[in-house]
Amino acid sequence: MNHSTKPRSGSTLRRSVFCSWAALGFAAAASAPVAIAQDAADAEEENTRRLNVVVVEATRREGVTVQDVPVSVTAFDADLLENSNFERVNDLEQLSPSVQITQGQSASAGTSISIRGIGTGADNFGFEPAVGIFVDGVYRTRTGIGISELPEVSGLEVLRGPQGTLFGRNTSAGVVNIRTSAPDFDPTASAHIGFGNFEALEAGFHVNGGLTDNIAARFDGQFRRRDGFIEDLNSNEEFNNIDRFLVRGQLLWEAGEASARFIADYAQTNENCCAAVIEVPGATAGVVNAGAGLLGLIGIIDPAVRETDFQASNSPNRPFVDDVEEFGFSLEYENRLGIGNFTSISAYRDFEAVRGQDIDFSGIDRAFRDGTVTADRTFTQEFRLQDVAGPLDWLVGVFYLNQQIDTLDTIRFGAQADFYTDILLANLVGGQLFGVADPTGTVVPSLLGNIDPLTGAPALPGTPGTVPFFLPGTPEGAGQQADVFELDTNAVAVFSHNEISITDTLTATLGIRYNYENRDIRADLDSFVPACDVIAALPPGTGAALGTAGALACNPAVNTEFNGVSEDGRTENEVTGTARLSYAPTPDWLFFAGYSRGYKSGSFNIDRSGFESAVFSPIDPATGLPISDGPQLSDLEFEEETVNSFEAGFKSTLFEGNMTLNAVGFYQDITDFQENVFNGVNFIVAGVDVENFGAEVDVTASPTDGLVLQGGFTWVQAERTEDLPFVPGSEGLQLGNTPEFVLTGQGTYTHGLTPWLDGFAHMNVRWQSATNISVFEALDQVSNDAFATVGARIGVRHPDEHWEISAFGTNLFDQSFNVAAFTIPEQDNIAVYPGEPRFWGVEFKTFFQ
């Protein structure tokens, strides 16, 4: 793709598209009563309607279905989720066209989710997601925590666009609201076991029933394992496997109008994740291969002779580890008080991930992570009070969050760190830093410079009358010994969300939220790199003059200039809200339009490499001093992200309730979009503005008994309105990993085969247009062409659901695609995180009641 010739659409076009869509919707609203007003038939249809009756609990109102709510929402019931092999949030992408999920170098810390192209991509717990994930009303503070193993899911909703007036935290792009099966007083139990390719094994069970007249309990347990699909030729290990289990207990207490639901869960993940595959070797590939060859290993597998798309070659002494231990408690209490219905949700979650990684993703032992730890301990409390008073359906609430994030990073040099630097520089510019011989045994002239024999001071290359000078060597394990960040957050929000029935057919929705937040950060950084110490002692500007050589010897991720203890903080206040109008001329048609202001708080990029360096800063010619004053925690700070969102659409129920057709057009203006971009050396926070507009269509139909069809379409334009600071020409480009067009479809057919046997078949498909997966033009060569993935499940079951046998598959046609791409640090080799291959299996379930 040639970015320079890509057409750029201006603000006028965005607003014209949105206004045209709104005009179309309300023109249809004006004519709808004439076309479909059949009062008697409508009343009968209201009782027999079959589709889209999934209750949208995210509205905080009882009994509200998809067709009733004037927002852009898609809901999935338990049957569809099971048939589509939904096991965690990652699988949602196959069903919802507006959702895009990206997994980077860590499943626990590097997974991001976006809606309408807007999300937060960061392998960094300093960034909160723009898409809020809620499980049983409890906010999961990071996407990596939200994608944890789930028990039996009873329903799921995707709300698109800002949702701040109802949800407790940073939902500037949307919400994924997940409901799990609650305890029931009728005794039930189930068990299932499944087998599949890649040695997959899955088993689980639940036990449920009443303990007393007013107390019920439920206990769930499940285990999943599967071999990895990326084969490492140096170690014969398999990466990107699955190995996790979950136990979860619940108690439900009911007494009159009061109820309380207590949930406790514990889960572990022990996986070798996440390996990358080098797709495009660059000029540095020869040096990598030379270094690995000295160890008897493969440096980089030539893609031209690679047997599969899933072969890699890493350092066998630097394992990929992504282990997670987490637990949590929540208590939801509801009661009817004198002034309204009262709800309280109290929750505590404890999450800790330990990671290890060969971060050069090749057979040379250049750099690695070992024992990196990310911990998140969060307490949340929400109170809500709501009731109906005449035409007013009102809700007020308070939300509180206390969060403690602790990270320990350990980016370190391997045994061949100096070898790599010296041979690379010898090949590029005929010099070296550390006096290490190349493979022929020749020591080439020093690049760094010489010692002036008169003054004893280092001099730059080319100074006459000097003798060779080399940097001290880099011991194996040098680098970050323990970079510790502590980020504490206290946040309070007061909110109100109200629906006003102006007439029987016209309703106004008004919501407002006040947000207060305070963050305190503490950094205790300890890096050991002898070469960095020497460069820091050189005259000002020397580090910058060294260019590539200096960056290779003293990468920002390990720069000892940043060592020490420091503290800082930030406080912010923000008011957000929503205003909507909805018009329902008949029970089968709903037209709506509205405005929402979304907000995602600012924070700190908890990454040493984000600091400004005085050593490597250019010199101000006027003063002779570095332009930068050196590292400060304010260097890591980034501002809040705000969204002004407009949308208009309609919802319709057709053909006597056998079809629903919903559509919405949207325009979103995003200020200071929190984009954390890897520039090949370090992660840079770029708060640029983005315009986002498009349209979404959802359709559900039941053309005959036993057959339900569902489909979705999304058109999204998400473009920066200014250049990224370090990427000229990025203005007007589509955000990375955001396809312009996405189509999804699902179909499920059930049919009685005999009096004692029912059959069922399900198929789902997702197609997306060609997509750039990075902002950098150099990575366009590994972007995705248009592609489709297909999943299916087919089986038989007892008519009373006593048992079920099924076969299933995902990515049935083994479609190859890339999830993310990047240039490997300090190399020009391009690596990708490949999408999952075809998985298939069989499953047996039995039910008792």
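Note that this is a predicted model, so its numbers are computed, not measured. (Residues numbered from 1 in each chain as written. Predicted model: local features only at pLDDT ≥ 70, side-chain atom pairs only at ≥ 80, totals over all residues. Heavy atoms only, no water.)

## Here's the deal with the pattern of salt bridges
For the structure shown, the criterion picks out 43 salt bridges. Put simply, Glu128 and Arg142 hold a salt bridge, and the shortest N to O gap is 3.9 Å. Here Glu128, found in the loop between β4 (118–119) and β5 (131–135), pairs with Arg142, found in the loop between β6 (138–140) and α4 (143–146); they are 14 residues apart in sequence, far enough to count as distant. In this structure Glu128 comes out as buried when scored by relative accessible area, which is 3%. The salt bridge involving Glu640 is made with Arg570; its shortest N-O contact spans 3.3 Å. One end of the pair, Glu640, is in the loop between β33 (637–638) and β34 (641–654); the other, Arg570, is in strand β30 (residues 564–586), and 70 residues separate them in sequence. A relative accessible area of 22% places Glu640 in the partly exposed class. Salt bridges sharing partners connect three or more residues here, namely Arg116, Arg160, Arg580, Glu647, Glu696 and Asp698. (Salt bridge = Lys/Arg side-chain N within 4 Å of Asp/Glu carboxyl O. Helix = DSSP H or I, 4+ residues; strand = E, 2+ residues; numbered from the N terminus. Buried < 20%, exposed > 50% of the residue type's maximum accessible area, 1.4 Å probe, protein only.)

## A look at the environment of Leu401
Secondary-structure assignment places Leu401 in strand β21 (residues 392–409). Residues Leu401 and Ala493 lie 92 residues apart in sequence; the distance between their C-alpha atoms is 9.0 Å. Beyond its immediate sequence surroundings of up to four residues, Leu401 is in contact with Tyr139, Thr141, Arg169, Thr378, Phe379, Thr380, Thr489, Asn490 and Ala491. (Contact = heavy atoms within 4.5 Å.)

## Details of unusual backbone geometry
With an omega of 10 degrees, the peptide bond running from Cys273 to Cys274 counts as cis. For Cys274, the position within the fold is in the loop between β15 (258–271) and β16 (277–280). Notably, Glu801 is not glycine yet its phi reads approximately 60 degrees, a positive angle. Within the secondary structure layout, Glu801 lies in the loop between β40 (787–797) and β41 (803–810). With a relative accessible area of 48%, Glu801 lands in the partly exposed category.

## Considerations on the confidence of the model for the protein chain
Taken over all residues, the pLDDT of the protein chain has a mean of 85, while the share at 70 or more is 87%. Low pLDDT (under 50) marks residues 1–50, which in the prediction has 69 contacts with non-local residues, meaning those over four places away or in another chain. (pLDDT = per-residue confidence, 0-100.)

## Regarding the state of the cysteines
Applying the stated criterion across every chain, the model contains two disulfides. For Cys273, the disulfide goes to Cys274, at an S-S distance of 1.8 Å. Judged by the torsion about the S-S bond (80 degrees), the Cys273/Cys274 disulfide is right-handed. Here Cys532 connects covalently by a disulfide to Cys554, the sulfurs 2.1 Å from one another. (Disulfide = S-S within 2.5 Å.)

## A few points about empty space enclosed by the protein
Per the stated rule, a full pass over the model turns up 19 cavities of 30 Å³ or more. Its volume calculated, the second largest cavity comes out at about 240 Å³. The wall of the second largest cavity is formed by 19 residues, among which Val71, Gln163, Leu166, His497 and Arg580 lie closest to the centre. Residue assignment for the lining of the second largest cavity shows that the elements contributing at least two residues are β27 (483–501), β30 and β31 (589–600). (1 Å grid on protein atoms, 1.4 Å probe; cavity = no way out; pocket = protein on both sides within 12 Å on 5 of 7 lines; lining within 4 Å. Points joined across faces, edges and corners; volume = space filled by probe spheres on them.)

## Section: a nonpolar patch on the surface
A cluster of nonpolar side chains, Phe383, Val398, Val492, Val494, Ile512, Tyr514, Tyr516 and Val575, forms an exposed patch at the surface whose accessible area comes to about 640 Å². For the nonpolar patch, the elements supplying multiple residues, two or more each, are β27 and β28 (506–525). For the nonpolar patch, the element with the highest residue contribution is β28, accounting for three residues. Mapped onto the elements of the fold, Val492 is located in strand β27. Under the relative-accessibility criterion, Val492 is labelled partly exposed at 33%. (Patch = residues over 30% accessible without salt bridge, like charges linked within 9 Å, V, L, I, M, F, W, Y side chains within 5 Å. Areas by Shrake-Rupley, 256 points an atom, 1.4 Å probe, with all protein chains shown as cover.)

## Thoughts on the sheet that holds β16
Strands sit in the order β16-β43-β42 across an open sheet of three strands; the sheet is antiparallel. Of all strands in the sheet, those bounded by a partner on one side alone are β16 and β42 (818–823). For this sheet the average axis-to-axis angle between neighbouring strands, irrespective of direction, equals 40 degrees. In terms of strand pairing, β16 meets strand β43 (residues 830–834) through three bridges, oriented antiparallel. Looking at the pairing, Val280 lines up with Ile830 of β43. (Pairing = 2+ DSSP bridges. Axes fitted to C-alpha atoms, helices over the stretch in contact; angles between N-to-C directions.)

## Here we look at the pairing of β40
Two faces, one strand: in a regular strand the side chains alternate between the faces of the sheet. Along β40, eight of the eleven residues are buried, which leaves the element largely enclosed by surrounding structure. Here strand β39 (residues 757–768) runs beside β40; their pairing, made up of eleven bridges, is antiparallel. Bridge pairing in β40 places Arg766 opposite Thr789. Relative to β41, β40 runs antiparallel, the two sharing six bridges. If you follow Ala792 over to β41, its bridge partner there is Gly809. As consecutive antiparallel partners, β40 and β41 are separated by five residues, and within that stretch Glu801 has a phi angle of approximately 60 degrees, a positive value.

## Section: the packing of aromatic side chains
For any two aromatic rings, the description comes down to two numbers: the centre-to-centre distance and the angle of the planes. Under the counting rule described, the total for this entry stands at 27 aromatic pairs. Measuring from ring centre to ring centre gives 5.1 Å for Tyr595 and Phe646, while their planes differ by 45 degrees; the resulting arrangement is tilted. Taken as a pair, Tyr595 in strand β31 and Phe646 in strand β34 lie far apart in primary sequence, 51 residues in all. For Phe646, a relative accessible area of 32% corresponds to the partly exposed category. Ring centres 6.3 Å apart and planes at 20 degrees place the aromatic pair Phe713 and Phe741 in the stacked group. One end of the pair, Phe713, is in strand β37 (residues 707–720); the other, Phe741, is in strand β38 (residues 741–754), and 28 residues separate them in sequence. On the basis of relative accessibility, which here comes to 28%, the residue Phe713 falls in the partly exposed class. A cation over an aromatic ring shows up here: Arg116 above the ring of Phe666, its NZ or CZ 4.1 Å from the ring centre. Of note, Arg797 hangs over the ring of Phe760, and the distance from its end group to the ring centre comes to 4.1 Å. (Phe/Tyr/Trp six-rings, centres within 6.5 Å; stacked < 30°, edge-to-face > 60°. Lys NZ or Arg CZ within 6 Å of the ring centre and 35° of its normal.)

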